[in-house]
Structure formats: structure tokens, C-alpha cells
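Structural overview for review
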Amino acid sequence: MLKLNPKFDLHGDVVCDILRKEASVCRLKEYSEAVDTCILNIERDGCILYSWKGATGTTRIGKYDSNTKQNKLLYTFDKQVCVSSCSLNKEETLLAVSLAQNTRGEERLKPISKCLTLLIEIHPINNTKVLKAVDCRVKVQFLHSETDRRSVLESHLLLLTEDGYADLYHVLLTRHEGYRVVMANPERLSKTAERIVEDFCWVQWDGHTQRVYYLTHNVTHTQDKFMMRCVQFYPNYNCETVLELPLELPANLFHTVKFVNLGFDHYHMARPEQELVRFEVFTDKIERSMCVCYSQPLEDKHELIYTVVLVHKDCRKTFRVSLGSDQSPQKAACLHPLFIPIGYHILVYLQDNFLHCINTRQQEMLCHSLFLSGVDVDLGLQCQSANITVLHAEEESSLSLLDLASGRIHTAEINPAFLLQLLRSDTPRCPSSKADPQRLAALHWLLVYMGNDPNLELKIIEWLCDNVYAFESFDQIQEFILASLYRISYEKSLSLDKVMPYSSVLDKKEILAFLLEVPGVLCNTELHIKPVFTGKARSLQGFWAELQWNTERTKYLDAVPNPRYRTSHIQADWDKLSSERRQSSHMNHIEENTKKVLSMVDTWCLDKKLVPLFQEEDHQQRALIGLTVDKLREHLNRHLPRLGKKKIDSLVVNYVAKLLELIRHMLESVWLKYKLGPRVLCFTQQGTPAEWSVFHFMFRILEATRSLCLPLPPGYHTLLAVFAVRCLPHHTFLQYIDHGFLQLTETFVSRLMTDLDNSDANERLKFSILKRLPEPMEQRIYHMWDHPISSASISRDYTRTLLEKHNKNKGLVFTGRDKPGFRPEFLPLTYLAKILSDIEEQALNPFEEQENVDARFVEETALKQTLILLGFEGK
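Parameters at a glance
Residues numbered from 1 in each chain as written. Predicted model: local features only at pLDDT ≥ 70, side-chain atom pairs only at ≥ 80, totals over all residues. Heavy atoms only, no water. Helix = DSSP H or I, 4+ residues; strand = E, 2+ residues; numbered from the N terminus. Contact = heavy atoms within 4.5 Å. Areas by Shrake-Rupley, 256 points an atom, 1.4 Å probe, with all protein chains shown as cover. Axes fitted to C-alpha atoms, helices over the stretch in contact; angles between N-to-C directions. Parallel < 35°, antiparallel > 145°, perpendicular 65-115°, else oblique. Left-handed = near helix turned anticlockwise from the far one by under 90°. Nonpolar A, V, L, I, M, F, W, Y, C, P; charged D, E, K, R; others polar. Core = buried A, V, L, I, M, F, W, Y, C linked by side-chain atoms within 4.5 Å. Buried < 20%, exposed > 50% of the residue type's maximum accessible area, 1.4 Å probe, protein only. Expected span 1.5 Å × (residues − 1). Salt bridge = Lys/Arg side-chain N within 4 Å of Asp/Glu carboxyl O. Pairing = 2+ DSSP bridges. pLDDT = per-residue confidence, 0-100. Phe/Tyr/Trp six-rings, centres within 6.5 Å; stacked < 30°, edge-to-face > 60°. Lys NZ or Arg CZ within 6 Å of the ring centre and 35° of its normal.

1. Quick look at the overall build of the protein
For the protein, the count of helices and strands is 22 helices and 32 strands. Residue pairs in contact within the protein that sit at least 24 positions apart in sequence constitute 61% of those at least 6 positions apart. For the protein, the exposed area adds up to about 41600 Å²; of that, 49% sits on carbon and sulfur atoms.

Next up, the structure:
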């Protein structure tokens, strides 16, 4: 599932370089057998600190620069020592080292502390200061400010001890002889120490954000209480506690203090079976999110419990996963999952058992989080998961994994080919009840997390074409549209997370059970976890201010009804608007909304005319476009007034414009897939199998958008009707119209009347279409059809218009003297001729500037109709 790219190899990048440089000191064979290299720490800038022991009996500490790919010797101990912790300041003038003291043999009889912590001047190598000599482990870590403060001669060092406290040393430096950097007052160094934290049982360092997370345990008469706190260090090296989070954890959680991300102590490595829990904190600056992940002590060998606290969502989710009955005691003792953050997903991986990709942005339903078990579980790691350490990257969108056993570091990302394979999974092997939730989760991961890749998006559209029928539990075209729009809108403003639609599943009246649960997995969700932001108002800035606002907004939206916009909710307003016949101020307002959207689409599509859309007036779709803008703007103004009306208006117009553009892009992709050309718009040819596939796909888009009450680009119904008349038998085509699946647009009907000849089959089709048109459109269409019936209709309409106007005039008197040769038996004809002659000059002639119409046809038709009415002639 993971795509791993090599970033660092301890043997290739370090050991081989050591062998080359020191081959002259010892014979190469002897030295290669004696060298013993191990990684000690990885600093904020990516430099890797390591130590090695050679045949000469020394211990050396070096640095590998990940940018220049160069190694540098920092310090050499004249004897072999056990380096348990190490850190280098940003200016590379000081080296802090903790040594695990040797208490074997004769050394046991000497009063030696278990740990000796040193501060060494290395620019150049000069003085060494002992900071601590204690009987517990000590971790050292220099603070690294974001700003370039190389001119400031000071460094700040954290010392964290196994006794549960942390001190911050402020080290002042001075420059001698122009280049030597030494400690200003080494004898007063201990007096500069500032106690930062006390009584912790677990502590985690985050070098890229300069934070310390720690866990304290308070025992009361009623219960055990755990409190997780976070200390933030600022660029000026001041610090304060910014967060307190109460947690419900079992007592006696840790046998000893647990250090996370504070280097690698190869002389005190807890075996997996000795660890009761795994506890880690992950933050994402882009997502403004914080997740606290921990497993719980194993009470049942056949069940694993782990919890993910979503601070930004103000909730806690606890999962119970059945592991099966084939767990051996040795295997069960090592059942601790690996937590891996990738984007807004937390991967929970238990080797040879399961992989749970928890969606921390859309956490409401289990079906949006991918769960794999059994044969499907293959993370792609080349080692045991117990040896893997997750490295917090400076760019929070990237991820690095360290295999401590081999000394290799890989960057890791989700392999889109694996997710595409899940989409295409064969139904016989994977029944719908299992495959649909996996497909849905994989589709959302591809669209929302990886959707900016145009090649990947094209593959998804091709998959939609090949799987055009909706799945049992969700409509994949609806999911494609909503998830893609969600990604686009979320990139514009993170505030839209909880108010914009991202899945059509939430709109369903009845959700199938297998979307709400995962076989073998139980989930318990607790709301209102009560995080407390304790920093002063002036200090809560950047990430913490955004996280606090995110949390408070989540609390508000959880308390109000229907905070997430649902497109189907405008159906009633749309039905009401469709029935309006008169122009009103509301309709004018709707039209202004539409103009804003279409002007933006026109700007985007100047060079994209492969599919003939946005080229006609479609009054129905224009009205729906404007109504969608209106209702979405109203929703955002209600729930996110902080954004401001101008920002909201821009977001809404952009959202609807992107919707229309997305549908156009889907059609263009299908157009190219089937290599369609201009001939598909010709009515005289029968549709090909490729055109049938496109028609079917377009029809599914129509179904998907109609049930969501989403607008389509103007011209879509015309294009769909063209494909339908080419691909369907005429009687089926008419049934599609009668059942409301096809909409007859004036552009389509006018082209059909002029492009198709008047063969018997085409005449029957044209008559059938004319009967189905509303009267105003029918009258306009008759003018475009060169046919006697069309001319007759025009004549009747003309005569009716003249008579309706004449009926308003009550003063007209007709006498027999007005017409010589008057015959009473032709009174209707004579009467009509008199009326026409009296008002003919002031009436509009419908045949003016019309081709294929005889100007004398009115009189002949009137005579013909009169004879028929009097019974002198048959039809």
C-alpha cells in the first residue's frame, strides 16, 4: 500500500564513507570487521547524528548532512563509551551527550553514576562541562529556532530525565580569537537551568514544531487521572503550556518513563513484549489538526483496543478489533499497532493482522475510513513493524520511516495504484457487502487527498465509465462530484470542512448496514473531550489559535441542526421556482447569480471547446444555477459569518462554477477516451457503440445530478438528446421524453426539424415531438420546418390572431353591397375576406422574410378550411 523511496542508508551513506576515509589508519579488512555504527538522533534540519566504534578503541560522533550528502566528524572519545543520547546545536558549536556508564567487572566496585551528561565545545574542540551525573537515563535535545540567529551567541538545551522532570539550560557563548566559540561562564551553567516539566510518565518531543508533550498521572480517592499537556517553545526561547487534555487511561500504564522522538538509545531498548501501550501525538499545520493515538494494554489475546483522540473534532474514537483465534502467546505479546500519519489519515497497522486508515477529517461514518484485514494487508515494509519509527517531517505533508535495525530511512506515500486496484476489485472475490465500503473509502482518498493529479483523475473517470451502474450502497458518480468539489472548496478555505457536502451517502434516507459497520470492528465515539487551551490570548497564535477556533467551531456545529449543506434540500424551492411564469425581482436576483457563475466558467473555458456546452440559453438550468448559488450563500452566511459576505460570495460562485466545469471535464475525458469527433452531432447517422457508451454515461450523470438537485452546464440536455435520438429507437426515445428522462430544448428540436429529411419515419418522429412541445415553442418551431402541415399551422395561427384582434372591435357592419357578385351560400368566406381586407394592413405578416412559404397561401387555406367546414369538401 505504501510507496517507499530510499532517503538514507546508514551503510551506504556513512559506513562506506568511514571505510574510505580511515582505510589508511587500519588495514581495510580489520577495520570493516570492527566498525560498529548506530544512529543517535535526527535534528530538525534533517541532519543525522551517529556514532561508531573502530579498531583503534575510540568512539566517534559524526553528522550526515541530508542536503549536501556529506559526513562530518564532530567529536572523538579516546576510549569506547556508550552514547545513549546526543544533540547538536544549530550553529554546530556545542555537542550535548549522555553516556551510559559501564558497570561491568571491576567498574561495579566503583561509585559510578549510571548516566553522565556532558556539554562539549566543538568549534573547535575545547572544553567539556559535566551537566549531570545521575542514576537514571537522561535525554538531551537542543532547541532549534526557525529564525536564523547565528549571530546570537546563545544556545538552549533541554534535559529530560527518567525521574520525570525536564530542565532547560540557557547557555551563553562568547567568541575568542575571532573564530573560537566557547561557553561564557561554564561554572555558572547549572544556575541557568529552568525547570519546565515535572512528574511525567511519558514525554514526546516534536522538533519541527518545537513542542514537548507529556503525560502526568494523578491518583485520587475515586479514580486515576491522566492529563496530557503541551509546552510550546517560541522563537525567542520563551515557553508556556498551551494545552491540557484529560485522558481516561488504565493505571500503571508505563513501567518506566517512555521517551518518544528523543533519539535512539541502543543500550536501553525496551523489547516489544515489555511495552504495555504505544502512545503518540500527531499534528498537522495544514489541516490545523491534532490526533492523540494510543493502544491499550492487552487483556484479551484475541482482541486489540486502540483509541484516536481527534482534538480538532472534539471527539474520541475507540476501536475494538477481533484478531482471530490463531494468535500464539509469543505473537500476542507483541501486539502493539504502529501509528503512521499520512495527510489527514492515521494508519493503524498491526503486522499480519489488519490495516485501519482512519479518516480524521470525515470521521462520522466508518465507510469513509479504509479497513483491510487478512490477505489484503500489505503495507510494503521490508522489515518488522516493531523496528519502524515514524519521523516527523519538516514539511508536514511528507512522511519518513526509519528502520532502526538496518539504519535505512524511506520517504513514504500512499500508492495510488493500490487504491485504484481496490476500486476495480472483482465482485466474485469480494462481495458487495465487503467491497463497497472499501471502494468508497478508496475513492474518497483518491479524490480528496490525491485529486490534484490530473492523470489520476483521468483514471478515475475511466473507471466510472467502465462501472457506469451505481453500486448497491452508493452512487459513484455522485461521490466523484461531491468529493471533488469538497477538495476544491476546502483548498480555498479550511473553514468549509464541516459545512460543505462531501458524500452522497449522508443524503440517503436509509443507509445500508454494511456502510455503518465493519465486520470484526466495534467503534465507540465520545463527543466533548474538553481540551483546555491555557496559553494567554496574546500567545495563542498561528497553529494554536487555529486549532482552538477549529475546536470551538466544531462544538457549535455539533449543537446546531443540519450544519452540513445538503444539495437535495433545495428541491422544494426549485419546484416552486420552476412553476413561476412571470418575471419577478426574485427571478432577476437568481439571474444575476447565474451571470456571475457563467462569466467565471467562460473565463476558464476559452480554449476548451471540445464538447459543445455553454453555447446556448438554457433557461431551466440557468435558474437552477442561480438558485444553488442563493441557497449555498444563505447556508454559509448562517454558519460561518466570520468569513464575511464578500469572501462567502466568492466561495459560493467558485463552487458552482467548478461544479459545471467538473461535469464538462468529465465529458471531455470521455470524449477523448472514445475518440469522438464532430460527426456525433449529426442527426442523419446512426449512433456507434462508442457513442452509445457516452450516451449511457451522460444519462448516469443526469440521474446523479437530478437526485442531488445539482445544475448542469447549459447545453447538456441538448447534447444528451442528440445522443439519444442517434442511439435509441424512435419509440424508446419518445418514452424517455414522456417519463421525464430527456428534456426537449428549442435548440435540439429546431436542429432536428431542419437536419432530418421528411421521410415517413422522420415525419412521424417530428409530429410526435411537436405534440410534446409547449405551445409557445411549438409555434416557433413550425417556422423552421419546410412542410405543408407546418404551413397550415402557421396559417391557422395567423388567422386566429387576426380574428382575436378583430373581436375587440364591435362596430364593424357587413352588407351585401360591399361585394359585387355576393353569394349567400359563401357567407363565411365572404365574411372572412371582408375582415381580412379591413385589418390586413395593420397586422404583422408571419411569412415576411420566411423562406419556403407562398404569400397567397393564407387566402387559399382559408377557402379550403371554409369548404371543409361547410361539408363541400373532405379533408
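There's more to say after this.
2. Describing the packing of helix α13 (residues 645-673) against helix α15 (residues 716-727)
For the pair α13 and α15, interaxial distance at closest approach is 13 Å and the crossing angle is 30°. In terms of orientation, α13 and α15 fall into the roughly parallel class. Both α13 and α15 take part in a crossing whose hand is left-handed. Note on element contacts: α15 touches α13 through Tyr-716, Leu-719 and Phe-723, opposite Ile-663, Leu-667 and Trp-671. Partitioning the contact of α13 with α15 into residue classes produces six nonpolar, no polar and no charged.

3. Description of the nonpolar core
Nonpolar side chains in soluble globular proteins generally cluster together in the buried interior. Grouped together as the largest cluster of nonpolar side chains are 166 residues, with contacts concentrated most on Met-1, Leu-347, Leu-419, Tyr-716, Phe-733 and Phe-748. With 15 residues, α13 is the largest single contributor of residues to this core. Among residues more than four places away in sequence, those in contact with Phe-748 are Phe-683, Thr-718, Ala-721, Val-722, Val-725 and Phe-733. By size, the runner-up hydrophobic cluster in this structure holds 29 residues, among which are Leu-215, Tyr-234, Leu-249 and Val-311.

4. Quick word on helix α9 (residues 543-559)
Over its 17 residues, α9 runs 24 Å from end to end, which matches the ideal 24 Å to within 8%, given 1.5 Å per residue. Of the positions making up α9, those classed as buried are Phe-543, Trp-544, Leu-547, Trp-549, Asn-550, Thr-551, Arg-553, Thr-554 and Leu-557.

5. Some remarks on the pattern of salt bridges
Enumeration over the complete set of coordinates arrives at 37 salt bridges. The partner of Asp-558 in a salt bridge is Lys-498, with the nearest N and O atoms 3.1 Å apart. Taken together, the residues Asp-558 in helix α9 and Lys-498 in the loop between α7 (476-492) and α8 (513-516) connect sequence positions 60 residues apart. Accessibility expressed as a relative area gives 34% for Asp-558, which makes it partly exposed. Overlapping salt bridges bring together Lys-132, Asp-167, Arg-195 and Glu-198 as one network.

6. So, the sheet that holds strand β24 (residues 338-342)
Spatially, β24-β25-β26-β27 is the arrangement adopted by the four strands of the open sheet, whose pairing is antiparallel. A single partner strand is all that each edge strand has here, and the edge strands are β24 and β27 (370-373). Direction aside, the axes of adjacent strands within the sheet are offset by 15° on average.

7. Observations regarding the confidence of the model for the protein
The predicted model of the protein averages 83 in pLDDT, with 84% of residues at 70 or higher. Note that pLDDT drops below 50 for residues 427-431; the model gives that stretch four contacts with residues more than four away or on any other chain. In the model, residues 810-825 has pLDDT below 50 throughout and makes 13 contacts with residues more than four positions away in sequence or in other chains.

8. Here's the deal with the sheet that holds strand β5 (residues 70-77)
The antiparallel open sheet is built from four strands, whose spatial order is β2-β3-β4-β5. What marks the edges here is a single partner per strand, and that holds for β2 (36-42) and β5. Within the sheet, the average angular offset between the axes of one strand and its neighbour, ignoring direction, is 25°. Together, β2, β3 (48-53), β4 (59-65) and β5 form the strand contacts of helix α1 (residues 10-22), whose direction differs from that of β2 by roughly 125°.

9. Quick word on the side chain of Thr-93
Take Thr-93: it is sitting in the loop between β6 (82-88) and β7 (94-100). Owing to a relative accessible area of 5%, Thr-93 belongs among the buried residues under this scheme. With residues up to four places along the chain from it excluded, the contact list for Thr-93 reads Ile-120, Glu-121, Ile-122, His-123, Leu-173 and Val-181.

10. Focus on the packing of α7 against α13
Where α7 meets α13, the axes come as close as 10 Å, and the angle between the chain directions of the two elements is 140°. Looking at the two axes, α7 sits oblique to α13. Of the two elements, α7 crosses α13, and the hand of that crossing is right-handed. Two secondary-structure elements touch here, α7 through Ile-477, Phe-480, Ile-481, Leu-482, Ser-484, Leu-485, Ile-488, Ser-489 and Lys-492 and α13 through Lys-647, Leu-651, Asn-654, Tyr-655, Lys-658, Leu-659, Leu-662 and Met-666. Counted by class, the contact of α7 with α13 contains 11 nonpolar, three polar and three charged residues.

11. Regarding the packing of aromatic side chains
Under the defined criterion, the tally for this structure stands at 25 aromatic pairs. Ring geometry for Trp-445 versus Tyr-449: centroids 6.4 Å apart, planes at 70°, classification edge-to-face. Pair noted here: Trp-445 and Tyr-449 are both in helix α5 (residues 432-449), with a separation of four residues, about one helical turn. Looking at Trp-445, the relative accessible area reads 1%, which means it is buried. Ring centres 5.9 Å apart and planes at 75° place the aromatic pair Tyr-736 and Phe-741 in the edge-to-face group. Taking relative accessible area as the criterion, Phe-741 reaches 34% and is therefore assigned partly exposed. Clustering of aromatic rings is evident, with ring pairs tying together Trp-692, Phe-695, Phe-699, Tyr-736 and Phe-741. Over the face of the ring belonging to Tyr-344 we find Arg-361, whose NZ or CZ atom lies 4.0 Å from the ring centre. Across from the ring centre of Trp-549, 4.0 Å away, lies the NZ or CZ of Arg-642, which sits over that ring.

12. Let's talk about the pairing of β5
The pairing of β4 with β5 spans seven bridges and is classified as antiparallel. Paired with Tyr-64 across the two strands is Asn-71, which belongs to β5. Count of turn residues in the β4/β5 antiparallel hairpin: four residues, of which Lys-69 carries a positive phi of about 60°.

13. Details of the environment of Ile-460
Counting through the fold element by element, Ile-460 comes out in helix α6 (residues 454-466). Since its relative accessible area comes to 1%, Ile-460 is described here as buried. In this structure, the C-alpha to C-alpha distance between Ile-460 and Leu-443, residues 17 residues apart in sequence, is 8.3 Å. Not counting chain neighbours up to four residues away, the residues in contact with Ile-460 comprise Leu-420, Leu-443, Leu-446, Leu-447 and Phe-480.

14. A few points about unusual backbone geometry
Comment: phi is negative for the bulk of residues other than glycine, and the bulk of peptide bonds are trans. Following His-123, the chain continues into Pro-124 via a peptide bond in cis, with omega recorded as -5°. Positive phi, close to 70°, is recorded for Tyr-237, a residue that is not glycine. A relative accessible area of 10% places Tyr-237 in the buried class.

15. Description of the side chain of His-635
Locating His-635 in the fold gives a position in helix α12 (residues 619-639). His-635 sits in the buried class, given a relative accessible area of 6%. What His-635 contacts, discounting residues up to four positions off in sequence, is Val-499, Asn-562, Pro-563, Arg-564 and Tyr-565.

16. Looking at the environment of Trp-574
With respect to the element layout, Trp-574 can be found in helix α10 (residues 571-579). Taking the relative accessible area as the measure of exposure, Trp-574 reaches 10% and is therefore buried. Placed 50 residues apart in sequence, Trp-574 and Leu-624 show a C-alpha to C-alpha distance of 7.0 Å. Residues in contact with Trp-574, not counting those within four places in the same chain, are Gln-620, Ala-623, Leu-624, Leu-627 and Cys-709.

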